[in-house]
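Spelled out, the chains give:
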Amino acid sequence: MALRRWKGSGTWPDADQAPRRRLTLFHSVTWRAPSPLEAAVAYAERGLPVLPCHWPTTERGGGHWAGLSCSCGHPACSNPARHPVLPGDVARASADPRQVRRWWRRYPQANVGLATGVLLDVLDLDEPQGDRLMRAGAALGPVARTGTGRWHLYCAPSRLDDRDLHQAFASLPGAGARVWWRGPGSFVLAPPSRVLTGSFRWVRDLSHQPPDAATLLSVLMPALG
Ligand SMILES: [Zn+2]
């Protein structure tokens, strides 16, 4: 399915607060982050179901990382700033812009979760292999850098899961530990979400046509070898 172009493509408001130390290879990237509300509504208007997720805060004290902790307030939160605000998890995701506006007016700092397996799947790749793939100039669709330095490679929805993925790379020792598939029933955080260690950003935004899963896997194979 061809995705509609991002509204206002090319002019992103406000400066991105993400640290740039990891972006030396990509210093020409000038993506600027919209607010979580703007981003969530724009994703919903594309038909992508979104859900509000917890965010890093300094308000709770006793932070896990650089004074930051999860907005859920649990001192022992095992997944800080990465889990949904609403009970019901990813099943609550909505592509109704009115609902999305209601959520983000209530939780304006909420991270933006994108339900996968609907219009897009995501291949979640670790840092060195993703770096290698980008250096090789592989033909990719939308690509986001995560707040932990991993790479999210977007593609058309498939019925793949982690087991299929790891079987596909069974001939490459250790490859299964480096790559994960986010499909039906799952979600990813999307830009401009922030976790304790940094912000998500688009390296190639959603105006790029997502490849099908087989094409993405064939491009990925050399980077994992
Ligand atoms: Zn939490």
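This structure is a prediction, so every number in the text was calculated from the model and none was measured. (Residues numbered from 1 in each chain as written. Predicted model: local features only at pLDDT ≥ 70, side-chain atom pairs only at ≥ 80, totals over all residues.)

Below, the discussion takes up unusual backbone geometry. A cis geometry characterises the amide bond from Pro191 onward to Pro192, with omega recorded as 5°. Here Pro192 shows up in the loop between β9 (187-190) and β10 (194-195). Even without a glycine there, the phi angle at Ala81 is positive, about 60°. For Ala81, the location among the structural elements is in the loop between β3 (69-70) and α2 (97-106). Residue Ala81 is classed as buried on the basis of its C-beta count, with 27 C-beta atoms lying within 10 Å. Phi at Asp89 is positive, roughly 60°, even though this residue is not glycine. Looking at the secondary structure, you find Asp89 in the loop between β3 and α2. (Helix = DSSP H or I, 4+ residues; strand = E, 2+ residues; numbered from the N terminus. Buried ≥ 20, exposed ≤ 12 C-beta atoms within 10 Å, placed from the backbone.)

Along β9, one buried face is formed by Phe187 and Leu189 and the opposite face, lined by Val188 and Ala190, is buried too. Where strand β4 (residues 111-115) lies against β9, four bridges are found, and the strand directions are antiparallel. In the strand pairing of β9, Val112 is matched with Ala190. (Pairing = 2+ DSSP bridges.)

Okay, the sheet that holds β4 next. Taken in spatial order, the three strands line up as β1-β4-β9 in an open sheet, and their pairing is antiparallel. Two strands lie at the open edges of the sheet, namely β1 (50-53) and β9, each paired on one side alone. Going from strand to strand, the sheet's axes swing by 35° on average, the running direction of each strand aside. Where helix α1 (residues 36-45) meets the sheet, its contacts fall on β1, β4 and β9, and the angle it forms with β4 comes to roughly 15°. (Axes fitted to C-alpha atoms, helices over the stretch in contact; angles between N-to-C directions. Contact = placed C-beta atoms within 7 Å.)

On to the sheet that holds strand β8 (residues 179-182), then. What the five strands build is an open sheet, ordered β8-β5-β7-β6-β12; its pairing is antiparallel. Of all the strands in the sheet, just β8 and β12 (201-204) have a single pairing partner and so form its edges. Mean inter-strand twist for the sheet, computed between neighbouring axes without regard to direction, equals 25°. Pairing geometry for strand β6 (residues 143-145) and β12, over three bridges, is antiparallel. Directly across from Arg145, in β12, lies its bridge partner Arg201.

On to the confidence of the model for the protein chain. Averaged over all residues, the pLDDT of the protein chain equals 82, while 80% of them reach at least 70. Below a pLDDT of 50 lies the segment residues 1-28, which in the model reaches 39 contacts outside its immediate sequence neighbourhood of four places, other chains included. (pLDDT = per-residue confidence, 0-100.)

On to the nonpolar core. Formed by 51 residues in total, the largest nonpolar core has its most connected members in Ala40, Tyr43, Val50, Leu114, Leu123 and Leu153. Broken down by element, this core gets its largest block of residues, six residues, from helix α5 (residues 213-224). Contacts of Leu153, omitting those with residues within four sequence positions, involve Val122, Leu123, Leu125, Leu140, Val143 and Leu216. (Core = buried A, V, L, I, M, F, W, Y, C linked by C-beta atoms within 7 Å.)

The next thing to look at is the packing of helix α3 (residues 127-135) against α5. Think of two packed helices as two axes; the pair is described by the angle between the axes and how far apart they sit. Axis separation between α3 and α5 bottoms out at 9 Å; the angle between their running directions is 115°. Taken as axis vectors, α3 and α5 run roughly perpendicular relative to one another. The interaxial crossing formed by α3 with α5 has right-handed handedness. Contacts between α3 and α5 pair Gln129, Arg132 and Leu133 from the former with Leu220, Ala223 and Leu224 from the latter. Taken together, the residues of the contact of α3 with α5 break down into four nonpolar, one polar and one charged. (Parallel < 35°, antiparallel > 145°, perpendicular 65-115°, else oblique. Left-handed = near helix turned anticlockwise from the far one by under 90°. Nonpolar A, V, L, I, M, F, W, Y, C, P; charged D, E, K, R; others polar.)

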